[in-house]
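Analysis of the macromolecular model
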Amino acid sequence: MPHTSRGSPRGGTAGALTPDGEPVLAVRFAVPGVPETFVHRPRVAECLARAAAGPGRLVLVNGPAGAGKTLLVADWAGTAPGPLVWLTLDSAGNAPGVFWAYVLEAMRHHGLALPEGIGSPARPGGVDDSLLARLAAHLNGRTEPVTLVLDEFERVSAPEVAEGLQFVLRNAGAGLRLVLVSRTEPLLPLHRYRAAGQVTDIRAADLAFRPGETDELARRHGLSLSEEGARALTERTGGWAAGLRLCILAAQHAEDPEGFLKEFETGQSAVADFLLAEVLEAQPAPSQDLLVRTSVCARIHPGMANALTGRDDAALILEQLARANAFVEPVGHAWYRLHPLFAEILRAHLHTRHPGLERELHGVAARWLCDAGLLTEALSHAADAGDWAFAADRLVDDLAIGQLLTGLDADRLGGLFSRMAPDTPGPAADLVRAARALARYDAGQGLLDLDRAEAHLAEAGAGELPAARLSCAVLRVVADRLLGSADRAGAAARLAEELEGQEALRDRLRAHPEVRALRLAALGSAQLWAGRFDTARATLTAVVEASGGPATALPRHEALSGLALIDFLRGWPGRAETHARRATAEAERSGLPSCARTPLGPQVLAAVGIERDDLASARRHLDLTAAPPPGSRDPIAVSWQAVTRSRLLLAPGDPAKALQALQVLDALDATGDMPSAVVPSVWMDAQVALVAAAAHRVRGDPEAAVAALAGREEAGPEYAIASAQARLAAGDDETALALLDGLPGLDGRGPAVTVRALLVRAQAARLGGDAVTARHLATRALALARPERLARPFLDAGPWLRELLEPRAARGGGTRWLPAGLRTEGPTRGTGGPAPVTEPLSDREREVLGLLAQMMSTEEIAAELFLSVNTVKTHLRNIYAKLAATRRGEAVRRARELRLL
């Protein structure tokens, strides 16, 4: 007889309701019963036992369906220390209010006394941060930790639920141990827990049966297998628990069980014969027909089954099959699923008995799913039906063309349409081909496909095919971005924006926010390449402020990276660092694969590291971008990679290799890794000249430095400053002074530009014999550089600067942040150094302080650390009090004096 792993609950759920008024289903709190045939596997159970006894707070049991996850945890639950709360989830858990209502009720159901003050969620779609804070505080105050098991966690896909769970887990401390049983990776920052050694992973490889365990499973079912037979069966099934049990159950009816298992082949095997005879043929004819026809579907809805069979009673038949355990199981919301092995055998049966019918059935399923609004599933069936014109038409008409470029489904859709016949006619097929080419950064092929699509659209009426016309315009913006043409991208973007205003597309645009995000991100990148920094900033900021979600994750990630580059180019390394780190956090939170991420963010972080003379950090970041995605031809990322690599080589004093690194850009043009039609970027060419000039100065050739910057002075104050510095090195003081006197305004420029201007003026004053002015200018440069820890301008200035950096020139904060060769003084506040803190800072306060030093706002710090804004404000008050500071800047300065940063 089955036994349960936990005793009767001490609390009840009678009359409890979820925020949407539905009754709480207590059955979801029951620990599943473990059958007598269950094989207890100490090697896996010990992993759970060690996790319960160790410091870790998160246990992830992750594996495919039928891997035995739930029974493994249910078996362990009977011996788990302390109180254990079990909750089996369903898709309703995607509503945060419903999820937390169930969690709280599960705790009460399992006898956990919760204070009344914790409360309950008031609405299905959200939960107050204060409720989660009260729950976390209560758990943190417990002397004995609570183990919360969330089974079938793969059903929870809402980021809001995962963020709330992460908040409670972080703030409950040792009072909560979380066990997630899931088929997929949960939306939690697992890398942080793994880095801290606070997560126990039990994966599919751990769950897979080994030959000895397979033998034990067979014996519990009354079968005796040889060592060779157990090993062969394990290898054949991959140790998959459900597959093993299914084979063993089938073998029970064979005269030679071991021989039966050795002969097993899908479609042509004793197992197939058994399933067809004992399961399929045991059903009435209508049920048999339904099972065979629906086997082409990964999941089955009664309405789709009716369309596939021409009947109207599929709901009743499916319900009866599920009740009879005929390898049909309900998966929620009226959907059903065939057992994968059974479905595979049925498809083989269909192929043999009814040749050609399978493609027809896929076509019917595709159309039904499209009508039901399930485009993703419909496209797979249309592909299997070979109906590529229909698949392309549906993708484009739904305004989902952007999903080939962004979103978590981009790779799957790209692979699916890679099978599309090259001669598939129509504008939609041309647009799909164009999108796939642009996803590979192949602007040339993309433009050819777009030209063909536009020719087809020109033949249609002016008001027809609005989704295709908008898709074409957006893809034009993407293509023009790759070619660096801000003018053409702007024209295409204006057309796309005009088309977006059509009433017929309003609902589809709401369902596909990635269309607008892609348009703006591509336009902003084109404007950035063209040097229209203010316009690009506004465009990219609009992307960042757009609605979140996986569909727009890639455009937001790229926009944040672009903003980081703009900040760096304008001389604001701190702001650049903040935007670059936000870009990385966006990619990680959204699960963007590494191959889909732009290398621009790490490149900017490397550039910031060079400015601060943190060359080890710069190398680490730049190494992340050393192998860009195959075919990546983004002109900004490719060019900036070469510029930053050159700066990194120049920093320790290797001008020859620095100049060689810049030649990579010429090589890329020659090999075709950069589109030949890319519009030149004035500022990027000037940046290349800037680095080349610096390299020539280091190698002692100031005339070459002057030549490299000739004609670049009008590109911006940075280049005029560098040209003046080169001319001073070449002895042309008169021209250098003229350049400095004619220097354009530095409005909008940050300290990285202003500090360099001050240092060049200081050098000119020193050469002119005005030591007082030179020292005054150096002092101002130090004051501006200190908050950003800018070391590179002082290192690049030359040895003459040392004599100006005496203690009184650095008064007001010291030069400890400069490299050792430029430091001139000890503590600046008395002989004993800065006053110590009144009380040590906690680890969390140090985290907040570190982000504060990066000029992050209170809201940004809260998002980065998964805290509420009020909690961050509390930490800030504590930091100010401990550092005897009243403002952010003062706190950061005191922390640096005390070497806390």
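Please refer to the structure higher up on the page.
Predicted, not measured: the structure shown is a model, and the values here were computed from it.

With that settled, consider the pairing of strand S3 (residues 146-151). Counting buried residues along S3, 6 of its 6 residues qualify, which places the element largely inside the surrounding structure. Alternating positions in S3 separate into two faces, Val146, Leu148 and Leu150 on one and Thr147, Val149 and Asp151 on the other, with burial throughout. Pairing of strand S2 (residues 84-88) with S3 involves 5 bridges; the strand directions are parallel. Note that in S3 the partner of Trp86 across the bridge is Val149. When S3 meets strand S4 (residues 176-182), the two strands line up parallel, connected through 5 bridges. By the bridge assignment, Leu150 is partnered in S4 with Leu180. Crossover connection from S3 via helix H5 (residues 159-172) to parallel S4: handedness right-handed.

On to the side chain of Ser182. Of note, Ser182 is situated in strand S4. Polar side-chain contacts of Ser182 include one of 3.3 Å to the backbone nitrogen of Glu154. Not counting residues within four places of it along the chain, the set of residues in contact with Ser182 comprises Val61, Asn62, Gly63, Lys69, Phe153 and Glu154.

Interhelical geometry of helix H42 (residues 843-853) versus helix H44 (residues 869-882) gives an angle of 90 degrees and a closest axis separation of 10 Å. One way to sum up the angle between H42 and H44 is to call them roughly perpendicular. Of the residues in H44, those touching H42 at Arg844, Glu845, Val848, Leu849 and Leu852 are His875, Leu876, Asn878, Ile879 and Lys882. Within the contact of H42 with H44, the residues separate by chemical class into 5 nonpolar, 2 polar and 3 charged.

Next up on the list: H5. Between its terminal C-alpha atoms H5 stretches 20 Å, which fits the 20 Å expected from 14 residues at 1.5 Å a residue. All of the buried residues along H5 are Val161, Ala162, Gly164, Leu165, Gln166, Phe167, Val168, Leu169 and Ala172. Buried residues belonging to H5 abut strand S1 (58-62), helix H3 (96-109), helix H4 (129-140), S3, S4 and helix H6 (190-195). After H5 finishes, the residue Gly173 shows a positive phi value of roughly 60 degrees.

What counts and how
Residues numbered from 1 in each chain as written. Predicted model: local features only at pLDDT ≥ 70, side-chain atom pairs only at ≥ 80, totals over all residues. Heavy atoms only, no water. Buried < 20%, exposed > 50% of the residue type's maximum accessible area, 1.4 Å probe, protein only. Helix = DSSP H or I, 4+ residues; strand = E, 2+ residues; numbered from the N terminus. Pairing = 2+ DSSP bridges. Right-handed = clockwise from strand over helix to strand, strands pointing away. Polar contact = N/O pair within 3.5 Å; in protein donor to acceptor, adjacent residues only side chain to side chain. Contact = heavy atoms within 4.5 Å. Axes fitted to C-alpha atoms, helices over the stretch in contact; angles between N-to-C directions. Parallel < 35°, antiparallel > 145°, perpendicular 65-115°, else oblique. Nonpolar A, V, L, I, M, F, W, Y, C, P; charged D, E, K, R; others polar. Expected span 1.5 Å × (residues − 1).

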